[in-house]
Amino acid sequence: MDKHLLSRIKSKYQHLSKGQKLIADFIGEHYDEAAFMTASKLGETVGVSESTVVRFACELGYGGYPKLQKAMQEMIRDKLTSVQRIDVTCERIGGGDVLDSVLNQDIEKIRRTIEETSREDFNNAVKAIVNAENIYIYAVRSTSPLANFLGYYFELIFGNVRVISTSSKSAAYEQLFRITEKDVMIGISFPRYSTMAVDVMHFARERGADVIALTDSMISPLVSQADHLLIARSDMASVVDSLVAPLSVINALIVATVIAKKEDVKKTFMALEQVWNEQGIYANSETVKKDNTSENGEKQDAR
């Protein structure tokens, strides 16, 4: 714990110069952004000289900026333990408005996702999905709801979808072994990254399938396995991960595929609407009114 970057900053903070405190504050709030900046760029962003950044790194015991940068990148790769997340979140928010703080952080993640996600990769991912014979989606643990959400709509749109959300190797490969070059694999993982997600994507790629990665940064281990990369910024909010931006990218994927297959999707949903209406799947004002009338009638008869 005492070797962790944020812990080092905390222990040294009172002894830092004014400029160094500006760097420390920026890293505390934006370490995932700072991790990819040169010393010069970090200094320019914060408003201090490059030499101040270098001295800051040495003050923390890193012996130079490259080692500090590596420490920031390791933070992104491994994120923090659950206990460390709680400590960092309490320091970030303190006695402030929790709702305001968390929602504004989510807004910032979506803004950065808009700026950083490749439109070319996104469009190519949509083409791969639309043309695939079968669609495989893999995600585990906290990201499995994302896979289930995407799988639910893709199953309605395409009908050729398999969602895999198990950490069991045997169970995962039993569901995946039929994948071919005609198929597409969508792998979803955010820090702390799933080893199985990397392995499953590698397996799919070896079988010739188009592989799409939905992850948070260029140092994610999913990047090396992906034909198409979708970057969606994620961050910690106490013991939970903020997955608002990844869900927005998934929404965009769904909308884009609907537009690409507009006529087919319209026919599908016309048929679905008929079934839903016939089976009374969704409540509407008429059914609610009938139910209330029936309840009132029964109550009146009883009286």
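Residues numbered from 1 in each chain as written. Predicted model: local features only at pLDDT ≥ 70, side-chain atom pairs only at ≥ 80, totals over all residues. Heavy atoms only, no water.

Draft legend 1. Quick look at the pairing of strand S3 (residues 184-188). Here S3 lies mainly inside the structure; five of its five residues are buried. On S3, burial covers both faces: Val184, Ile186 and Ile188 on one face and Met185 and Gly187 on the other are all buried. Sheet analysis places strand S1 (residues 135-138) next to S3, joined by four bridges and oriented parallel. Residue Tyr138 lies in a different strand from S3, and its bridge partner there is Gly187. With five bridges joining them, S3 and strand S4 (residues 210-215) adopt parallel strand pairing. Within S4, the position partnered with Ile188 by the bridge is Leu214. Where the polypeptide runs from S3 across helix H11 (residues 195-206) and back to S4, its parallel neighbour, the crossover connection is right-handed. (Buried < 20%, exposed > 50% of the residue type's maximum accessible area, 1.4 Å probe, protein only. Helix = DSSP H or I, 4+ residues; strand = E, 2+ residues; numbered from the N terminus. Pairing = 2+ DSSP bridges. Right-handed = clockwise from strand over helix to strand, strands pointing away.)

Draft legend 2. Representation of the packing of aromatic side chains in the model. Following the criterion strictly, the structure yields six aromatic pairs and no others. The interplanar angle of 65° and the centroid separation of 5.0 Å between the aromatic rings of Tyr173 and Phe203 together place this pair among those described as edge-to-face. You can see Tyr173 sitting in helix H10 (residues 169-176) and its partner Phe203 sitting in helix H11, a full 30 residues away along the chain. Taken together, Phe149, Tyr152 and Tyr153 form an aromatic cluster joined through their ring pairs. Positioned above the aromatic ring of Tyr62 is the side chain of Arg8, whose terminal nitrogen or guanidinium carbon lies 4.2 Å from the ring centre. (Phe/Tyr/Trp six-rings, centres within 6.5 Å; stacked < 30°, edge-to-face > 60°. Lys NZ or Arg CZ within 6 Å of the ring centre and 35° of its normal.)

Draft legend 3. Spatial organisation of the environment of Tyr153. Position of Tyr153 relative to the elements: it lies in helix H9 (residues 144-157). Considered as a pair, Tyr153 and Val258 are 105 residues apart in the sequence and their alpha carbons are 9.9 Å apart.

Draft legend 4. The arrangement of unusual backbone geometry in detail. In this structure, Arg141 takes a positive phi of about 55° despite not being glycine. One can find Arg141 in the loop between S1 and H9.

Draft legend 5. View of the confidence of the model for the protein. The share of residues in the protein with pLDDT of 70 or more is 84%, and the mean pLDDT across the chain is 84. Per-element mean pLDDT across the protein ranges from 54 in helix H14 (residues 285-302) up to 97 in S1. (pLDDT = per-residue confidence, 0-100.)

Draft legend 6. The pattern of salt bridges, seen in detail. What the rule picks out here adds up to six salt bridges. In this structure, Arg233 engages Glu116 in a salt bridge whose closest nitrogen and oxygen atoms are separated by 2.7 Å. Residue Arg233 is found in the loop between strand S5 (228-231) and strand S6 (235-237), and its partner Glu116 is found in helix H7 (residues 98-116); the two are separated by 117 residues along the sequence. Arg233 gets classed as buried once you look at its relative accessible area, which sits at 6%. Residue Lys261 is joined to Asp264 by a salt bridge in which the shortest nitrogen-to-oxygen separation is 3.5 Å. Each of Glu108, Arg111 and Glu115 takes part in one network of salt bridges that share partners. (Salt bridge = Lys/Arg side-chain N within 4 Å of Asp/Glu carboxyl O.)

Draft legend 7. Looking closely at the sheet that holds S1. Strand order in the open sheet made by the five strands is S2-S1-S3-S4-S5, with parallel pairing throughout. Edge positions in the open sheet fall to strand S2 (161-164) and S5, since each of these has one partner strand only. Neighbour-to-neighbour, the strand axes of the sheet open up by a mean angle of 15°, direction not taken into account. Docked against the sheet, H11 engages S1, S3 and S4, running at close to 160° with respect to S4. (Axes fitted to C-alpha atoms, helices over the stretch in contact; angles between N-to-C directions. Contact = heavy atoms within 4.5 Å.)

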